[in-house]
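# An overview of the molecular structure
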Amino acid sequence: MTTNVLTPATPLTAADRCDRCGAQAYLRVVLVSGGELLFCAHHGRKFEPELKKIAAEIQDESGRLTATPASASTDER
């Protein structure tokens, strides 16, 4: 998913939940009409074509799902 950043965004946290299924949100979609929607990575990918049509900004943090934790040993990195 393409990230269009217009303004500095607040990082998503574990408290941010997908509006579709309630899982942890990794995408914030700021709508042209105002307001925002939050999606898990799965639903963000599923609805990507439609979201691009109505989004003023898309904050995509789904890359955090595959990032190596800083606490991982050198062998795990």
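Refer to the structure printed above.
These notes cover the structure that comes with them. As the structure is a prediction and not an experimental result, all values here were calculated from the model.

## Focus: the overall build of the protein chain
Assigned secondary structure in the protein chain consists of 2 helices and 3 strands. When the helices and strands of the protein chain are read in sequence order from the N terminus, they spell out β-β-α-α-β. Within the span of the protein chain, comprising 77 residues, buried residues form 30% of the whole. Sequence separation of at least 24 residues holds for 45% of the intrachain contacts in the protein chain that already meet a minimum separation of 6.

## Some words on the side chain of Glu-61
Among the secondary structure elements, Glu-61 is positioned in the segment after strand 3 (55-60). Judged by its relative accessible area of 14%, Glu-61 is buried. A polar atom in the side chain of Glu-61 sits 2.4 Å from the side chain of Arg-64. With residues up to four places along the chain from it excluded, the contact list for Glu-61 reads Thr-10, Pro-11, Leu-12 and Tyr-26.

About the criteria used
Residues numbered from 1 in each chain as written. Predicted model: local features only at pLDDT ≥ 70, side-chain atom pairs only at ≥ 80, totals over all residues. Heavy atoms only, no water. Helix = DSSP H or I, 4+ residues; strand = E, 2+ residues; numbered from the N terminus. Buried < 20%, exposed > 50% of the residue type's maximum accessible area, 1.4 Å probe, protein only. Contact = heavy atoms within 4.5 Å. Polar contact = N/O pair within 3.5 Å; in protein donor to acceptor, adjacent residues only side chain to side chain.

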